[in-house]
Amino acid sequence: MNPLLLPLVAAQAAYVNRIIGKEPRPEGPTKGFVPWPAAEDGSSPLRLLVIGDSSASGRGAPTHDLAFAGSMARAIAQRTEGPVEWRAFGKYGATSERIRHGILTKVTGEWDLAVLLVGVNDILARRSVEAWTRDLTAIVETLQEHAAHTVLPGIPEFDAFPSLPRTLRRYLAERGKVLDVAARLVCAGRTSVQWVSSADLGPAEPSFFAADGFHASPAGYERWAQAICDHLDL
């Protein structure tokens, strides 16, 4: 992007920061269980961990059950025809650095699948690729200690976000591609870690977004979770 446009980008980003994030925090528990009636009695549920930024915290949905974690659990249950136990750890505005040194310290136990939602706030905070790579590597390595399989969805396609001014959308989209390249390199060679492109979601319809035009709605979370689930080897 033309460096002369960066002051405009900064002004637009400050404006967006004032208007987004007004969605109420989801109510209800941050953990749950999706049963599967046809499963054999006593079958162990698949253990799902969702960790990350405001998407992991469920902003845009009234409950965590209707946000990403619950949606992902239902998609997996349908795919595997078995029960799923899920837990969500998320923080509004969290960068990879905050996740690494804050949220990640709360993760204990063993999980079958961990989904890491991160990247948007690193771009908004204009963090360097080096800092992003360093923190993301540390997060992935720690999740590998707790989860049999870790999934890192690519950064969302900013061109589709209705709340973002055009110049800001262009800047964020360009930075998103750069961070995605770094993320794929972090995941490469790790047999238990998988990067999944967010471009596979296809064109985002208005119903995908919550009222702030930035976070996903319950319908958006369901679509997003299903797209990721479709790429998993379960």
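Before reading on, note that the structure itself is shown above.
The structure displayed is predicted, hence computed values, not measured ones. (Residues numbered from 1 in each chain as written. Predicted model: local features only at pLDDT ≥ 70, side-chain atom pairs only at ≥ 80, totals over all residues. Heavy atoms only, no water.)

K.L.:
I'm lost on the packing of aromatic side chains in this one. Help?
P.N.:
Two measures describe an aromatic ring pair: the distance that separates the ring centres and the angle between the ring planes. What the rule picks out here adds up to six aromatic pairs. Look at Phe161 and Phe209: their rings are 5.3 Å apart centre to centre, the planes differ by 65 degrees, and that puts the pair in the edge-to-face class. With Phe161 in the loop between strand S5 (147-153) and helix H6 (166-187) and Phe209 in the loop between strand S6 (193-196) and helix H7 (218-229), this pair connects stretches of sequence that are 48 residues apart. Per residue, the accessibility class of Phe161 equals that of Phe209, and both read buried. Both rings, one in Phe161 and one in Phe214, keep their centres 5.3 Å apart while their planes meet at 80 degrees; by these two values the pair is edge-to-face. One end of the pair, Phe161, is in the loop between S5 and H6; the other, Phe214, is in the loop between S6 and H7, and 53 residues separate them in sequence. Take Phe161 and Phe214: they sit in the same class, and that class is buried. The structure contains a cluster of three or more aromatic residues connected by ring pairs, namely Phe158, Phe161, Phe208, Phe209 and Phe214. If you follow Arg59 out to its NZ or CZ, it ends over the ring of Tyr92, 4.5 Å from the centre. (Phe/Tyr/Trp six-rings, centres within 6.5 Å; stacked < 30°, edge-to-face > 60°. Helix = DSSP H or I, 4+ residues; strand = E, 2+ residues; numbered from the N terminus. Buried < 20%, exposed > 50% of the residue type's maximum accessible area, 1.4 Å probe, protein only. Lys NZ or Arg CZ within 6 Å of the ring centre and 35° of its normal.)

K.L.:
What is the right way to look at the layout of surface pockets in this model?
P.N.:
Over the atoms a probe the size of a water molecule is rolled, and this reveals where empty space is left. Computed from the structure, the second largest pocket encloses a volume of approximately 380 Å³. Forming the walls of the second largest pocket are 17 residues, and the residues nearest its centre are Ser57, Gly90, Lys91, Tyr92 and Lys106. Across the lining of the second largest pocket, the residue classes tally to six nonpolar, five polar and six charged. (1 Å grid on protein atoms, 1.4 Å probe; cavity = no way out; pocket = protein on both sides within 12 Å on 5 of 7 lines; lining within 4 Å. Points joined across faces, edges and corners; volume = space filled by probe spheres on them. Nonpolar A, V, L, I, M, F, W, Y, C, P; charged D, E, K, R; others polar.)

K.L.:
Could you clarify how one ought to interpret the packing of helix H2 (residues 68-80) against H7 in this entry?
P.N.:
As a packed pair, H2 and H7 sit with axes 8 Å apart at the nearest point and diverge in direction by 45 degrees. What the angle tells us is that H2 and H7 run oblique. The hand of the H2/H7 crossing is right-handed. Along the contact surface, H2 presents Phe68, Ser71, Met72, Ala75, Ile76 and Arg79, while H7 presents Pro218, Tyr221, Glu222, Trp224, Ala225, Gln226, Ile228 and Cys229. Residues belonging to the contact of H2 with H7 are distributed by class as follows: ten nonpolar, two polar and two charged. (Axes fitted to C-alpha atoms, helices over the stretch in contact; angles between N-to-C directions. Parallel < 35°, antiparallel > 145°, perpendicular 65-115°, else oblique. Left-handed = near helix turned anticlockwise from the far one by under 90°. Contact = heavy atoms within 4.5 Å.)

K.L.:
For this particular structure, what's the right way to read unusual backbone geometry?
P.N.:
Only a minority of non-glycine residues have a phi that is not negative, and only a minority of peptide bonds are not trans. The phi angle at Glu81 is positive, at roughly 55 degrees, despite the residue not being glycine. Here Glu81 is to be found in the loop between H2 and strand S3 (84-90). By relative accessible area, Glu81 is classed as exposed at 56%.

K.L.:
What is the right way to look at the sheet that holds strand S2 (residues 46-52) in this model?
P.N.:
Backbone-to-backbone hydrogen bonds join strands into a sheet, with any given pair of strands oriented parallel or antiparallel. Pairing in this open sheet of six strands is mixed, and the strands run S1-S3-S2-S4-S5-S6 from one edge to the other. Each end of this open sheet is capped by a strand with a single partner; those strands are strand S1 (31-34) and S6. Neighbour-to-neighbour, the strand axes of this sheet turn through a mean angle of 20 degrees, independent of strand direction. Contacts from helix H5 (residues 129-146) reach S2, strand S4 (111-117), S5 and S6 within the one sheet, and its direction differs from that of S5 by about 150 degrees. Running over the sheet, H6 touches S5 and S6 and is turned about 155 degrees from S6. (Pairing = 2+ DSSP bridges.)

K.L.:
Help me understand the environment of Gly58, please; the structure alone is not making it clear to me.
P.N.:
For Gly58, the position within the fold is in the loop between S2 and H2. Exposure remark for Gly58: the relative accessible area of 0% places this residue in the buried category. A C-alpha to C-alpha distance of 9.0 Å links Gly58 and Tyr92, two positions 34 residues apart in sequence. Setting aside residues no more than four positions away along its own chain, Gly58 makes contact with Pro26, His64, Ala67 and Tyr221.

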